[in-house]
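Reading the structure
Read off the chains here:
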Amino acid sequence: MGSDSWIQIEKIKVSRQQNLPDRVCFQFNENLLRDIQLWRETNRKLQLPSEILTDFRYLILLNKQKSFSVELNFCSFYQQNEEKIAVIQSKISLDGKINQQIRHDYLQEPQLLQGIMTAHYWVIEQMLNQLKLKSSRKRKKQTPQPQLAQKHQVLSWSLSLGLTMIVAVILLLTSINLPIMLIITVLFAVLAQVAIKRFLLSNLPNSVLQK
Amino acid sequence: MTDSLREVTALEINTAFVEEITTDQFIPWHVYQEIYLISRQQLQQVQIHPDLCDRYLQLRRQLELAYTLLLIDPHSELYDSQREAQARQNLTILSQSNSEWESLPTQLPDPIPDPANQTNTSIFNLLDNYHFLRTLCQLGTIKQGLDRQNHILNHKNNNHPTIYAQTKIQLDGKIFNRYSQNILTHPQQSQILKLHQNSILLGEKQWHSLLKVIFNFINKKRKSNLI
């Protein structure tokens with residue numbers, strides 16, 4: 001159920017080193033249309049190569065940056081007798097404009113045109129859906145380190161401060177130089193706080209932890 | 001980008017049955033030059049149909065007006081205090097469509113900058129300005145429509161004229177349908193209308209999906225900024 005070469009993202013040359021993604025092209029032929037109909041009927045999900053998805057995501061993000069509205073351009077080509085003809089082109093823009101161009105002469109073959117149109121939209125839907133899923137899955141992976149709840153933060157700080165005070169008093173009694181004493185107390189406070197946090201993290205049940 | 005989302009007042013689905021699929025890319029400098037050069041003589045030279053001349057000229061006036069408004073706006077990066085006085089004078093004339101605006105000397109920068117004569121606002125600064133680009137984009141779309149109409153009027157014996165169907169669904173619930181006249185007599189009328197209905201249903205669904213994808217991106221970015 002691969003989709004290796006029939007989905008392509010056309011790139012335009014912006015400068016000598018830069019090629020920017022521009023139009024998403026589908027190369028359909030008779031066999032592929034048949035396959036797509038089968039996949040649609042059996043509700044199969046299209047396996048999009050990660051390269052295509054990355055380019056697609058890049059296309060959307062670029063669009064977001066440079067224009068006033070995100071505009072995606074999808075074009076379906078049909079191969080008939082060694083000739084690849086652009087049959088349907090959809091331009092979907094975020095500000096609500098949807099422009100469709102359909103080749104006039106394909107009106108003479110209604111079944112074929114309907115087939116291409118259905119396939120065209122089905123693939124677009126698959127691409128948009130997979131983009132959504134991937135980004136929300138990515139979000140779950142990148143959740144921050146579990147952080148302690150507010151009250152536990154307070155607890156760890158107060159404990160460490162308490163211990164620090166005791167250490168400070170001991171140091172005072174042993175009459176070490178003031179600046180050295182200050183450095184030692186500050187260091188101790190920070191380290192104690194970290195140690196207590198670690199202790200709490202490893203020993204508290206997961207339900208207490210906040211994501 | 002959120003500005004453009006705020007401007008979504010309607011969903012507009014256009015289906016066009018064309019001879020050949022074309023990609024219209026918005027190339028700012030190109031559009032700027034074309035509109036900059038519009039004048040009565042130029043329109044005659046390129047043989048624009050006389051019915052459309054006035055509308056082309058309006059594009060030129062709008063371009064000048066947009067620039068003038070940016071010149072006098074202190075919040076704009078194109079603000080120019082030296083030329084503000086002249087700009088304000090021009091403003092009253094420019095804002096009226098049937099005034100003598102054509103005889104006003106232009107304040108717009110030359111599309112092809114003269115290296116010997118550096119003006120304050122170079123063309124590149126202008127084409128970097130978000131507000132000006134937005135106006136330019138809108139004017140470009142109108143010009144494309146005019147060019148198409150011009151082509152149709154000048155080539156009366158067109159074998160396969162483009163057939164258009166448009167449905168506009170507004171946020172306030174109103175739905176507008178517009179069709180080319182040649183659909184009424186077209187042999188495959190029902191098929192055309194059916195395909196347009198398909199475009200509406202599927203286009204709407206996909207616009208919705210696109211919206212969700214963009215919101216996903218924005219949310220993800222927002223969350224990663226909070227960490």
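Overview of the structure. For clarity, every value in this text was computed on a predicted model and none was experimentally measured.

The rules behind these values
- Residues numbered from 1 in each chain as written.
- Chains lettered and ligands numbered in written order.
- Predicted model: local features only at pLDDT ≥ 70, side-chain atom pairs only at ≥ 80, totals over all residues.
- Heavy atoms only, no water.
- Helix = DSSP H or I, 4+ residues; strand = E, 2+ residues; numbered from the N terminus.
- Buried < 20%, exposed > 50% of the residue type's maximum accessible area, 1.4 Å probe, protein only.
- Contact = heavy atoms within 4.5 Å.
- Areas by Shrake-Rupley, 256 points an atom, 1.4 Å probe, with all protein chains shown as cover.
- Buried area = accessible area lost by both parts, 1.4 Å probe.
- Salt bridge = Lys/Arg side-chain N within 4 Å of Asp/Glu carboxyl O.
- Polar contact = N/O pair within 3.5 Å; in protein donor to acceptor, adjacent residues only side chain to side chain.

For chain B, the helix and strand inventory stands at eight helices and three strands. Listing every helix and strand of chain B by position from the N terminus yields α-β-α-α-α-α-α-α-β-β-α. Taking all 227 residues of chain B together, the buried fraction comes to 39%. Restricting the contact set of chain B to residue pairs at least 6 apart, pairs at least 24 apart contribute 67%. Summing over all exposed atoms, chain B offers an accessible surface of approximately 13,800 Å²; the carbon and sulfur share of this is 51%.

This brings us to unusual backbone geometry. Phi is positive for N81 of chain A, which is not a glycine, with a value near 55°. Mapped onto the elements of the fold, N81 of chain A is located in the loop between β3 (71-80) and β4 (83-93). In this structure N81 of chain A comes out as exposed when scored by relative accessible area, which is 72%. In this structure, Q47 of chain B takes a positive phi of about 60° despite not being glycine. For Q47 of chain B, the location among the structural elements is in the loop between α3 (40-45) and α4 (50-72).

Our next topic: the environment of R40 of chain A. Residues and elements named next belong to chain A. Residue position: R40 is located in helix α1 (residues 30-41). The class of R40 is partly exposed, set by a relative accessible area of 34%. A sequence separation of 83 residues divides R40 from V123, and the C-alpha atoms of the two residues are 9.8 Å apart. For R40, the contacting residues outside a window of four places in its chain are T118 and W122.

Taken together, the contact between chain B and chain A spans 54 residues of the former and 47 residues of the latter. Here chain B packs against chain A, burying approximately 4,600 Å² in sum over the two surfaces, 62% of which is carbon and sulfur. For the chain B face of the interface with chain A, the top three residues by lost area are I21, Q206 and F217 of chain B, together amounting to 15%. Our count for the contact surface shared by chain B and chain A stands at zero salt bridges.

Residues and elements named next belong to chain B. Among the secondary structure elements, E84 is positioned in helix α5 (residues 84-94). Relative accessible area serves as the criterion here: at 16%, E84 is assigned to the buried category. Engagement of the side chain of E84 in a polar contact is seen with the side chain of Y79, the distance being 2.7 Å. Filtering out sequence-adjacent residues up to four positions away, E84 remains in contact with I72 and Y79.

These results come straight from atomic positions and should not be treated as a statement about function.
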